[in-house]
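Coordinate inspection notes
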Amino acid sequence: MKKVVGTCLIALAFWQSSLAQSSKMDKFIDQLMAKMTVEEKIGQLNLVTGGEATTGTTVSTDVESKIQRGQIGGIFSMSTPSKIRQTQEIAVKQSRLKIPIIFGMDVIHGYRTVFPIPLGLAATWDMDLIQQSARIAAEEATADGINWAFSPMVDISRDPRWGRISEGAGEDTYLSSKVAEAIVHGFQGNNLAAYNTMMACVKHFALYGAAEGGRDYNSTDMSLHRMYNEYLPPYKAALDAGAGSIMTSFNDINGVPASANKWLMTDVLRKQWGFKGLVVTDYTAVNELMAHGLGDLQQVSALSLQAGVDMDMVGEGFLTTLKKSLDEGKVKLDDINRACRFVLEAKYKLGLFEDPYRYCNEQRAQSIIGSPAHHEKAREIAAKSFVLLKNENQALPLKKSGTVAVIGPLANSGPNMPGTWSVSAELDKTASLVEGMKSVLGNKVNILTHLGSNLLADSTYQKHATMFGRTIARDPRKEEDIIAEAVKTAQQADIVIAALGESSEMSGESSSRSELDIPKNQQDLLKALLATGKPVVLVLFTGRPLTLTWEDAHVPAILNVWFGGSETGKAVADVLFGDIVPSGKITATFPRNVGQIPIYYAHKNTGRPYGNSGDFEKFKSNYLDVSNTPLYPFGYGLSYTTFTYSDIRLDRNTLDSNSSIQASIDISNTGDYDAEETVQLYIQDLVGSVTRPVKELKGFQKIFLKKGEQKTVKFEIQIKDLKFYDNNLNYLAEPGDFKIYIGTNSRDVKEKEFKLL
Ligand code: NOJ
């Protein structure tokens, strides 16, 4: 009782102090806005780029003079304490009202120290580690002057053709929501005004990952039922975790582009969800409303502001047209005031009015950015993100002796290791796979490599412009000659590691693909290496699920390492040679071929479900030429050890609104290695007023088991876990029969039934 009273008093005190805080903030902003001209208010809505990483064809100009005139509210893609201090000084010394600037950056999977791409981070299923990665990124970025991270990207994607699937947590609503929360907490901590925390920006609102055909920037069209149940929850989870801002997406949604979508930005975001933070567009998204067909720049800027957008990234439609629209009665001063207030509030919450240089600390930057401790953490997280897709006859781990040949385009390319969106990575200092492996293994293993095979990268992709200039050079020699030389190197080794896959810029923004194979010339190399008869391990680099049907059938071991960040090489050595047992599990389904897409585990049953035979069944929902099953299902990933699962035990088999069911299962480590396992809980609603997915992830636990050890894992199931939006968007749980599944992935599960009364 005492404890409850104590907790209530603390909560009350906290509530009172945040009320006091916000009334102090309101007063401050009221006073400031009373001094502002309309032009100065509009100036706050302008976000320009500092040009360090450019993700569009338009770039910002005359930045300095615009700051002096009060025409810039924020700058992104600028770094270092000295540069940011200098720029901030222009704002606080030379502009009339001395309003500080907010500094943003794409801090997506690390800052200078880079962690695995987000799809790899999600594959750790370790929310604590993911939070730590965001914390370290925030420590580094804030020391470098930055206070606003354009992350987390929480767009659900079920289409690996879309290159940006690499930037999110994959296909699942529940897991993506958990990852979103972890990242927001990592960036923002408990106090946004602290010198080492930064504001998160949830993106891309909304449904960007559902682009038709997986083609970037393409339209989305989706039922409200699917939107509310499957695609919107991660955005909401990130905002509920306290994210201070949100970015609009490029796409149109059921006919209205997100950046001018009043229903989305005002009705859903502000009214239904009660969001009180800053809404910013994506890069020139306001201007792009013209190409969407919504009018000229003045019209689209007005539409966007009225829809609920506060800040305009790069395009300057707000800056150049809103005053005119106001004078002509086409927008209201209230809308401009609202937008300006949200921008100023963000700056206030970050403590910028108190100390505009709070985030510029040369000394801190020098001592912590890229510190050995951060790199150690990057190495640990990278190793935990790797997914062992195949390991026939325990081909892995390798012995630390003999000669190993590391061959392929990704073997010797340091700049490709960090992966897409590592815009602040120290590329010239990033070790290649071979360098990283050598530094871990020293003289124990003789490592050979073949530089020529590097030249087999992206033959079909190379000719295209890249965002960050990280292609792998090619030379005019004939492919056969390069392969023949690589084979000679392989013949001198006991084991061959084929470092193949995508180069880092084959995924990420503007990198959609219609085929998802390993590029053809690399397949040729792989076949030639296999033909030597040497044991071959495929170390696969990728930013998305690839179609690996041939590789799965022919290569004895496949370790998917995504793009592991700054410490990829060392982490790969840790896992290949058994110092770390792989535990990553994929969070996006790997299809057998592109025709299966969209393919995801939480699909509907249909009226003509297909059985488990794997063969074509007439008059069932399947294909003539490929089974419905994926190559690797969601949640899948092998270990060097083996785990066995007991049957599920339920403490009761009925549930009502006041009770919960406890499901228990015993997991045993039956192999030869101590290892981690992610135990996954799925639920199926068997009867409903609308069709329900065949399985939905509702919980997971990561456990560590020594060899021979057994642990009991318990999940608590409550009515909240059974709720969904019906077709009238009522959020409810419907009485009836349910199934619980617990297993090592979404396919290999034990099951049990229960009833909701
Ligand atoms: C465009 C991307 O879509 C977005 O994710 C990113 O934050 C901005 N460019 C800024 O670089």
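In what follows, the structure referred to is the one given above.
In this report, the structure presented in the accompanying data block is examined. On a predicted model such as this, the values are computed, not experimentally measured, just so you know.

1. What about the site of the ligand?
Within the structure, the ligand sits among 14 residues, and T55, D106, R164, H204 and D282 are positioned closest to it. Measuring from an oxygen atom of the ligand, one finds a side-chain N or O atom of K203 at 2.8 Å. Against a free-state accessible area of 300 Å², the protein chains account for coverage of 100% of the ligand. Split into classes, the residues belonging to the shell around the ligand amount to seven nonpolar, two polar and five charged.

2. Section: the packing of aromatic side chains
Tallied over the entire structure, the rule returns 23 aromatic pairs. Among the aromatic side chains, those forming a connected cluster through ring pairs are W125, Y174, Y601, F634, Y682 and F700. Over the ring of Y600 we find R158; its NZ or CZ atom is 4.4 Å from the centre of that ring. In this structure, K618 packs its charged tip against the face of F619, placed 5.7 Å from the ring centre.

3. Some words on unusual backbone geometry
Between S151 and the following residue, P152, the backbone shows a cis peptide bond with an omega angle of 10 degrees. Examined against the element boundaries, P152 turns out to sit in the loop between β4 (148–149) and α7 (173–188). In this structure, the amide linkage connecting I597 to the following residue, P598, adopts the cis form with an omega of 0 degrees. Looking at where P598 falls in the secondary structure, it is placed in the loop between α21 (568–576) and β17 (643–645). At Y217, a residue that is not glycine, the phi angle is positive and equals roughly 70 degrees.

4. Notes on the pattern of salt bridges
One pass over the full model with this rule turns up 47 salt bridges. Two residues, R112 and D144, come together in a salt bridge whose shortest N-O distance is 2.9 Å. Residue R112 is located in the loop between β3 (102–105) and α5 (118–123), and its partner D144 is located in the loop between α6 (127–143) and β4; the two are separated by 32 residues in the primary sequence. You can call R112 buried: its relative accessible area is 18%. Classification of D144 as buried rests on a relative accessible area of 4%. Residues participating in the shared-partner salt-bridge network are K377, E380, K384, E676 and K702.

5. Notes on the packing of helix α17 (residues 433–441) against α21
Orientation of α17 relative to α21, taken along the N-to-C sense of each, is 55 degrees, at an axis distance of 7 Å. It follows from the interaxial angle that α17 and α21 lie oblique. Considering the relative orientation of α17 and α21, their crossing is right-handed. Every residue of α21 that contacts α17 at L433, G436, M437, S439, V440 and L441 is listed here: G569, K570, V572, A573, D574 and L576. Class assignment of the residues belonging to the contact of α17 with α21 gives a composition of seven nonpolar, three polar and two charged.

6. Observations regarding the side chain of T430
Along the chain, the position of T430 falls in the loop between β12 (403–407) and α17. The exposure class of T430 is buried, given its relative accessible area of 11%. Of note is the side chain of T430, whose polar atom sits 2.8 Å from the backbone oxygen of E426.

7. Here's the deal with the packing of helix α16 (residues 372–385) against α21
At a minimum axis separation of 8 Å, α16 and α21 run at an interaxial angle of 50 degrees. Judged on the interaxial angle alone, α21 and α16 are oblique. Considering how the two elements wind past one another, α16 and α21 form a crossing that is right-handed. Counted together, R379, A382 and A383 of α16 and K570, A571, D574 and V575 of α21 form the full contact between these two elements. The residue makeup of the contact of α16 with α21, split by class, is four nonpolar, no polar and three charged.

8. A word on the sheet that holds strand β15 (residues 536–541)
A sheet is described by the order of its strands in space; here six strands give the open sequence β11-β16-β15-β14-β12-β13, paired in mixed fashion. With partners counted over all chains shown, the strands left at the sheet margins are β11 (387–391) and β13 (446–450), one partner each. In this sheet, adjacent strand axes meet at a mean angle of 20 degrees when their direction is disregarded. Pairing geometry for strand β14 (residues 495–501) and β15, over six bridges, is parallel. Counted as the bridge partner of A499 is V539 from β15. Against the sheet, α17 makes contact with β12, β13, β14 and β15, and its axis sits at roughly 170 degrees relative to β13, the strand it touches most.

9. Some thoughts on empty space enclosed by the protein
Using the criterion set out here, one finds seven cavities of 30 Å³ or more in the structure. Every residue lining the largest cavity is counted, 13 residues in all, and those nearest its centre are Q44, I67, G70, S95 and I99. For the lining of the largest cavity, the secondary-structure elements that each account for two or more residues are α2 (38–44) and α3 (63–68). Within the lining of the largest cavity, the residues separate by chemical class into six nonpolar, four polar and three charged.

10. Topic: the side chain of S371
Note that S371 resides in the loop between α15 (362–368) and α16. Residue classification places S371 among the buried residues on the basis of a relative accessible area of 11%. Excluding its chain neighbours within four sequence positions, the residues that come into contact with S371 are T113 and E140.

11. Brief notes about the environment of K620
By the element assignment, K620 lies in the loop between α21 and β17. With twelve residues separating them along the chain, K620 and R608 place their C-alpha atoms 4.9 Å apart. If we ignore the near neighbours within four places in the chain, the residues touching K620 are R608, P609 and Y610.

Conventions we followed
- Residues numbered from 1 in each chain as written.
- Predicted model: local features only at pLDDT ≥ 70, side-chain atom pairs only at ≥ 80, totals over all residues.
- Heavy atoms only, no water.
- Near = heavy atom within 4 Å.
- Polar contact = N/O pair within 3.5 Å; in protein donor to acceptor, adjacent residues only side chain to side chain.
- Areas by Shrake-Rupley, 256 points an atom, 1.4 Å probe, with all protein chains shown as cover.
- Nonpolar A, V, L, I, M, F, W, Y, C, P; charged D, E, K, R; others polar.
- Phe/Tyr/Trp six-rings, centres within 6.5 Å; stacked < 30°, edge-to-face > 60°.
- Lys NZ or Arg CZ within 6 Å of the ring centre and 35° of its normal.
- Helix = DSSP H or I, 4+ residues; strand = E, 2+ residues; numbered from the N terminus.
- Salt bridge = Lys/Arg side-chain N within 4 Å of Asp/Glu carboxyl O.
- Buried < 20%, exposed > 50% of the residue type's maximum accessible area, 1.4 Å probe, protein only.
- Axes fitted to C-alpha atoms, helices over the stretch in contact; angles between N-to-C directions.
- Parallel < 35°, antiparallel > 145°, perpendicular 65-115°, else oblique.
- Left-handed = near helix turned anticlockwise from the far one by under 90°.
- Contact = heavy atoms within 4.5 Å.
- Pairing = 2+ DSSP bridges.
- 1 Å grid on protein atoms, 1.4 Å probe; cavity = no way out; pocket = protein on both sides within 12 Å on 5 of 7 lines; lining within 4 Å.
- Points joined across faces, edges and corners; volume = space filled by probe spheres on them.

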